[in-house]
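# Structural overview
Residue strings, one per chain:
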Amino acid sequence: MKIGFYPGCSLTGSSREYNESLLAIAKEAGVELFEIKDWNCCGATAAHNLSKELSLSLPARNLALAELEEMDELVVPCAACFNRLVMTQHELSEKEDVRKVISEKLQMPLKNNVKIYNVLQFLEKHIVPRLDQLVKNPLTYDVACYYGCLLVRPQKVMKSDRFEDPMSMDVIMTKLGANPIDWPFKTECCGAGFSVSKTEIVGELSGKIVRNATDRGAKAIVVACPMCHSNLDMRRPAINTYLNMKMDIPVIYITQAIALAMGLTPCQAGIQRHFVPVNLTVNR
Amino acid sequence: MTEFEPKIIAFVCNWCTYAGADLTGTSRIKYAQNVKIIRFPCTGRIDFMLLLKSFGEGADGIIVSGCHPNDCHYTSGNFHARRRWIMFRGLLDMLGIDVRRIQYSWVSAAEGSKWADIVNSTVNTIRELGPYTEYEKVAGYLEKEGKE
Amino acid sequence: MSKIGVFICHCGENISATVDVARVAEAAGQIDGVAFSTDYKYMCSDPGQTMIRQAIKEKGLTGVVVGSCSPRMHEPTFRKACQEAGLNPFMCEMANLREHCSWVHDKSEATTQKAIDLVRTLVEKVKLNKPLFSIKVPVTKTALVIGGGIAGIQASLDIASAGHQVILVEKDPSIGGHMSQLSETFPTLDCSQCILTPRMVEVAQHPNITLMTYAELEKLEGSIGNFKATIRKKAKSIDENLCTGCGTCITKCPTKKIPSEFNTGLGMRTAIYVPFPQAVPNKPVIDKANCSYYQKGKCKVCEKVCPTGAIRFDQEDELVELEVGAVVIATGFDIMQPSGFPEYGYGKYKDVITGLQFERLASASGPTLGEIRRPSDGKIPEKIVFVACAGSRDPAKGIPYCSKICCMYTAKHAMLYQHKVHGGKSYIFYMDIRAAGKNYEEFVRRAIVEDAVNYIRGRVSKIYEENGKLIVKGVDTLLSAKPVEIEADMVVLASAAVANPGAEELAQKMHVSYDSYNFFSEAHPKLKPVETNTAGIFLAGACQAPKDIPETVAQASGAASKVIILFSKDELSRDPLIAVVNRSPAPVFSTCVGCFMCTSACPYQAIGEELITNRQGKVIKKVAKVNPGLCQGCGTCVAFCRSKSIDIQGYSNEQMCAEVVALLNND
């Protein structure tokens, strides 16, 4: 069983801590991840706004590379990269003629049979079974699990049956000793790409998410997507402006939560890279 | 060199597929001209020797279509037809007749567009398989034998 | 010597636009055995039919082939024309040149050739046709109506008033259906029970109607004019002849916390119960699944207190066999449970309810005696939001159709709310307002103008609870083009009208077609709205498609009239296209060897035995024999017979073989 790893641009750039914490917990759990050699950008939103062919070719090349390296499974932690890769795989499996064309353009064979996992699916399969032995410091407080939009939509392709009220992250947090709250903003929009072009919209939309989590008693928001993290954490000033209040609730990645629960240091989990201080007492 | 136009005969039941094909017409959905329908009261009526007869008379492909299981107007005719088909298919295979030349389907009276899809896909399949010439070879052989 | 007449129809331009009809007629004229061939614009018209009749008389035609529309359309028309000219109607066949040819192909040589092939096929078949004569069967003038809602009630009353016996079967303990659950009906705001209960009583008292409640259809056999229905009368545990409906048992029953189906789960009932006070019959039944005695062997209080000793714990289900001539299906509809929409929070938040549940709240005899109160804390909601199209017109939820009644009943609900809660504020999130019936548009206007109901054009994306209020997140696309958030006290979802859960099973029992939503299929969407493809079985009401009460009543009367037409004759003519076992002179008598494979294949038990004896009475042979009264003409037996001794008239082995040969050889 060879597990491939596609970090994508965010994990090597603005969401470095996501990368660090994921690799740290994989190592701790004895799971080896093989980063795809010479991977390219998945195209994100830019590609599918410009050219259909480009939007399929860019992710397809990564899939073809994974096949060449004989990877059975491919972990894609960034939710946007994950969404692009899965949508590409779906489209190419439905349209045989398109798959042939793309394969020809790439000049690489493309069987389109790699199993693509998002970070939650990867954790569920490979890390959660070992958690019983690995959790040293349970995180015993209320948390709000925020899924964002790309992990569950579009429903027909993602095939998540709980697309309005997903629970996979909640289940993992429970195993870490935390108490995930029931809250209605699990999949509400954070403002996404408006982070750059119209930041006040992120202030409003992410502000509502942060306020609701805080009002319901959560001590941290847990995310599994670099965009979510960036809007809820880095854009806190815009949020505070909108809410006219200073909101302290920290935002951590699910991988960082697991790292802390495993007893790794905050530095190993990359906590120091956050904008909003993470002052979570950890029970020893 | 004209493109090969398959000759396909369809044995359909009056209550479901025939009505479904009527609906295709009423809905003006277009499909290939190669398929011609013969009306039966029920797929249970279809003697499968007629299928062999069809190949002998020059058919390149055959469609057999009736009501969905549990919906047969006569309760169980389509079940009998289905069982017959499963046995017959094995026999055809053993005889060396390409079973892909026979398309067996369920089309209800409400499924106008499904009928069009079945016609078009069957025509494409038969076109790819080419004309059915095996029987001619046998008939030629028999004729030759007869002369001697 | 065949003398076939071929008549090719233009059907206006429907056929002639893509098929060269003149050429088809000409080609047909060249076929061996065709004595006359022509084409004409409208064969089914009077002059067209006259043409056929004249040709038969003048040319002495022995058979007719009409190349026109589908035989499912006009076969009876042309057969009748032939009969009028003295030609046996079964010597007339139709080639489907319209639905199967001109309408589905473009104008081309191949299309015309296909038309020629189809005509030739039927000509070769008709050459082998034999004159056949209709089989007469007696008609049982009793109707079975399944379903005791307003549709079943109306149909029963009409048929009974025409002087025929009706048996009305209803699966619930009382008739009345969904209409009995409504508070007021649009567009008049008539009290629903007030207009319904007189009809219910009329049904119970009508001398021609036998009412069977708490009963279901177990099996249906036979065919038009001669059905045999088996009804399962579920055990009520009550002797109806002794019960006076005093209700003492209900007041004393200790099991009081069963969610009431009639009150859509908002109220409770006892284990021995009458669904609602105006029930007909007003006699209780015992819900075995929740009764202490049936489940745990304790109690029996009802038996002790019953003044007439009507409780019968040993009562079993009873199977009753009925002979009926026609069946009307009036089984109604159900309301989709919106727990499938997690974004609306139905099932999670107590104050998010369906439209039917709102009816029960608004009902004077409902769980809150007509006051609109929140199910969670009993408070009166100051702000209420109605969500239209909760499920309907939404392919992602599996319901692409419009449920038809919701726009009207949502307006009605908002009006009732405003009438009952002065100062309350109501909002309706809608996509369109469909108020197409008589006085319907005016009714909706009343809601907006007189009762100040706020209509917001936009959909609701999420409903969640915050500090005891329901936050409704929607959008106003019409006026402000901005998202809208309302803090509501209560939300009512106009959820989709769907088929009843048992509809598919019932349709299969009766061999009636149904669509992918499990609504029963009418024989023709435009012209045969109350008939099904199964002769003798008719449809009435929402079981065919969602509809309101006026349409239901109209359709029920329509179905009743079809039944009355059927019963207006003492005898029914059956198509003689049935199976026959061959007979020949001695010493063969028949090629049938008496294996009786055909008997096992026949779904109608229509094939029996016949003993062929010599003059001394000694049995020479045992062969199969078809009962012409039961055979439906499917032909399964014909395909089974190894000696080809049984054949079906109209689709004989010879005929089908001739059709195959003719179709594939165009020389």
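Scroll up for the structure.
An account of the accompanying structure is given in this report. What you are looking at is a predicted structure, and each value in this text was computed from that prediction instead of being measured. Within any chain, residue numbers begin from 1 and follow the written order of that chain's sequence. Labels follow written order: the first chain is A, the first ligand is 1, and so on. Note on the predicted model: pLDDT of at least 70 is required for a residue's local features to be given, and 80 or more for side-chain atom pairs to be given and counted; whole-chain, interface and lining totals, by contrast, use all residues. Excluding hydrogens and water, the side-chain values take into account all heavy atoms of the structure.

As a further point, take the interface of chain B and chain C. By definition in these notes, contact holds between two residues if any of their heavy atoms fall within 4.5 Å. Facing 45 residues of chain B, the contacting portion of chain C comprises 49 residues. By definition, the buried area sums, over both parts, the 1.4 Å-probe accessible area that each loses when the two are put together. Together chain B and chain C conceal approximately 4100 Å² of surface at their shared face, both sides included; 57% is due to carbon and sulfur atoms. Broken down residue by residue, the surface that chain B buries against chain C is led by Gln33, Arg39 and Arg45 of chain B, which jointly contribute 17%. Each reported salt bridge corresponds to a side-chain nitrogen of Lys or Arg within 4 Å of a carboxyl oxygen of Asp or Glu. Across the chain B-chain C interface, the total number found is 4 salt bridges.

Our focus in this paragraph is the sheet that holds strand 6 (residues 179–180) of chain A. Residue and element names in this part refer to chain A. Ordered by their spatial adjacency, 4 strands build an open sheet running 6-5-7-8, and the pairing between neighbours is parallel. On the outer flanks of this sheet lie strand 6 and strand 8 (251–253), each paired with one strand and no other. When DSSP finds two or more bridges between a pair of strands, those strands are recorded as paired. Put simply, DSSP H or I for four residues or longer makes a helix, DSSP E for two residues or longer makes a strand, and each gets a number counted from the N terminus. The pairing of strand 7 (residues 220–223) with strand 8 spans 3 bridges and is classified as parallel. Within strand 8, the position partnered with Val222 by the bridge is Ile252. Across the sheet, helix 9 (residues 168–175) lies against strand 5 (142–146), strand 6 and strand 7, angled at about 150° from strand 5, the strand it touches most. Only C-alpha atoms enter the line fits that serve as axes; for helices the fit covers just the stretch in contact. Angles between N-to-C directions range over 0 to 180 degrees.

What follows concerns the nonpolar core. Formed by 151 residues in total, the largest nonpolar core has its most connected members in Ile254 of chain A together with Leu144 of chain C. No other element matches the 8 residues that helix 7 (residues 119–134) of chain A contributes to this core. Setting aside residues no more than four positions away along its own chain, Leu144 of chain C makes contact with Ile167, Val169, Leu217, Ala229, Ile231, Leu322, Val324, Ala326, Val327 and Val328 of chain C. By size, the runner-up hydrophobic cluster in this structure holds 95 residues, among which are Met43, Val64, Cys92 and Ala95 of chain C. The set of buried Ala, Val, Leu, Ile, Met, Phe, Trp, Tyr and Cys residues whose side-chain atoms join them within 4.5 Å is what this entry labels a nonpolar core. A simple rule labels every residue: compare its accessible area, found with a 1.4 Å probe on the protein chains alone, to the largest value its type can have, and call it buried under 20%, exposed over 50%, or partly exposed in between.

All names here are of chain B. Candidates for patches are residues over 30% relative accessible area with no salt bridge; among them, like charges are joined within 9 Å and nonpolar side chains (Val, Leu, Ile, Met, Phe, Trp, Tyr) within 5 Å. Only the protein chains shown count as cover for residues, with accessible areas throughout obtained via the Shrake-Rupley method and a probe of 1.4 Å. A surface patch of nonpolar side chains, amounting to about 350 Å² of accessible area, comprises Leu91, Met94 and Leu95. With respect to the element layout, Leu95 can be found in helix 3 (residues 77–95). A residue is classified by how much of its surface remains accessible, and Leu95, at 54% relative accessible area, is exposed.

Let us now look at the state of the cysteines. Note on disulfides: each one is a pair of cysteine sulfur atoms within 2.5 Å. Going through the model one piece at a time under the given rule, you end up with 2 disulfides over all chains. Note on cysteine connectivity: Cys191 of chain C is disulfide-linked to Cys194 of chain C, with sulfurs 2.5 Å apart. Negative torsions about the S-S bond denote left-handed disulfides, and the value of about 80° found for Cys191 of chain C with Cys194 of chain C makes this one right-handed. The cysteine Cys149 of chain A is free of any disulfide, with Cys189 of chain A supplying the nearest cysteine sulfur at 6.2 Å.

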